[in-house]
Amino acid sequence: NSRILMAWCGNSSDNGFYQSFSFSGTTLSGAGSVTQFALVGSNNGVTQIRSVYDTNADRHVVVYNYKDYGNKGYAFSVETTGTSMTASSLFEWGSTTMIQDMGLDVCFDSVNNRTVVRWSEANNAQGKLRGLICNPSTGAITASGSVSNTGITYVNTNPHSDMIFDPIAGRPYHLAA
């Protein structure tokens, strides 16, 4: 796929936006127009936006902290066809409050065809992992398995987290700095 998806937080209400781009050589061309994330009620503010490309579903998966809706984790997928983008419905993947601006990251597990999400819970700063499956036909996001602990507790001096997938080992890894 020769598409990239840019997702960002912008304006004074901290709304989330996305747009797909195609590239040829050194030239980027926008596909469709800038689109705002779907809202739950009238809640706008989002933070910690991360995206990954799901090679099995041929869609981008966007995950984020919905800070104006209880600091809970949400996700949706975006499919780009020609110059149009189609987004799936929102999926709440984290029902507990997460620490805002601390430790959210994703990677795509190409062995199990799932997005792996890592975040920190607000009540104890315990690192958590969850798999998300993107349906190749509909783009709907669902949970894969249960939430598991990373074994790492985050503190304000250690807020960064990276998820990577090692194709040789066939597994995701969590790196904390």
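Above this text you will find the structure in question.
Residues numbered from 1 in each chain as written. Predicted model: local features only at pLDDT ≥ 70, side-chain atom pairs only at ≥ 80, totals over all residues. Heavy atoms only, no water.

Most of strand S6 (residues 72-81) sits inside the fold, with seven of its ten residues counted as buried. The sheet contact formed by strand S5 (residues 59-66) and S6 spans seven bridges and is antiparallel. For Val63, the partnering residue across the bridge sits in S6 and is Ala75. What sits between S5 and S6 in their antiparallel hairpin is a turn of five residues, with Gly70 showing a positive phi close to 80°. Bridge count for S6 against strand S7 (residues 84-87) is four bridges, and the pairing is antiparallel. Pairing of Thr81 across the sheet is with Ser84, part of S7. (Buried < 20%, exposed > 50% of the residue type's maximum accessible area, 1.4 Å probe, protein only. Helix = DSSP H or I, 4+ residues; strand = E, 2+ residues; numbered from the N terminus. Pairing = 2+ DSSP bridges.)

Another aspect to go through is the sheet that holds strand S3 (residues 27-36). What the three strands build is an open sheet, ordered S1-S2-S3; its pairing is antiparallel. Two strands lie at the open edges of the sheet, namely strand S1 (3-10) and S3, each paired on one side alone. For this sheet, the mean angle separating the axes of adjacent strands, direction not counted, is 25°. (Axes fitted to C-alpha atoms, helices over the stretch in contact; angles between N-to-C directions.)

On the surface, Met6, Trp8, Phe23, Leu28 and Val34 cluster together into a nonpolar patch covering about 430 Å² of accessible area. Elements represented by at least two residues in the nonpolar patch include exactly S1 and S3. Turning to its location among the elements, Trp8 is positioned in strand S1. Given the relative accessible area of 31%, Trp8 is considered partly exposed. (Patch = residues over 30% accessible without salt bridge, like charges linked within 9 Å, V, L, I, M, F, W, Y side chains within 5 Å. Areas by Shrake-Rupley, 256 points an atom, 1.4 Å probe, with all protein chains shown as cover. Salt bridge = Lys/Arg side-chain N within 4 Å of Asp/Glu carboxyl O.)

Ranked by internal contacts, the top residues of the largest apolar core, which has 15 residues, are Val63, Trp93, Val117 and Leu132. For this core, the secondary structure elements donating two or more residues are S5, strand S9 (105-109), strand S10 (114-120) and strand S11 (126-134). Beyond its immediate chain neighbours, meaning those up to four positions away, Val117 contacts Val63, Trp93, Leu104, Asp105, Val106, Lys128, Leu129, Arg130 and Leu132. Counting 13 residues, the second-largest nonpolar core is a separate cluster that includes Leu5, Phe37, Val62 and Val78. (Core = buried A, V, L, I, M, F, W, Y, C linked by side-chain atoms within 4.5 Å. Contact = heavy atoms within 4.5 Å.)

With that settled, the discussion passes to unusual backbone geometry. A positive phi angle, near 55°, is found at Gln48, a position not held by glycine. Mapped onto the elements of the fold, Gln48 is located in strand S4 (residues 47-54). Of note, the phi angle at Asp58 is positive, near 60°, even though the residue is not glycine. Note on placement: Asp58 falls in the loop between S4 and S5. Overall, Asp58 belongs to the partly exposed group, its relative accessible area being 40%.

Here we take up the environment of Asn149. Along the polypeptide, Asn149 turns up in strand S12 (residues 141-153). The spatial distance from the C-alpha of Asn149 to the C-alpha of Arg118 is 9.3 Å, given a sequence separation of 31 residues. Residues in contact with Asn149, not counting those within four places in the same chain, are Gln126, Gly127 and Lys128.

For S11, the tally of buried residues reaches seven of nine residues, placing the bulk of the element in the interior. Bridging between S10 and S11 involves six bridges; their strand directions are antiparallel. Along S11, the bridge assignment pairs Val116 with Gly131.

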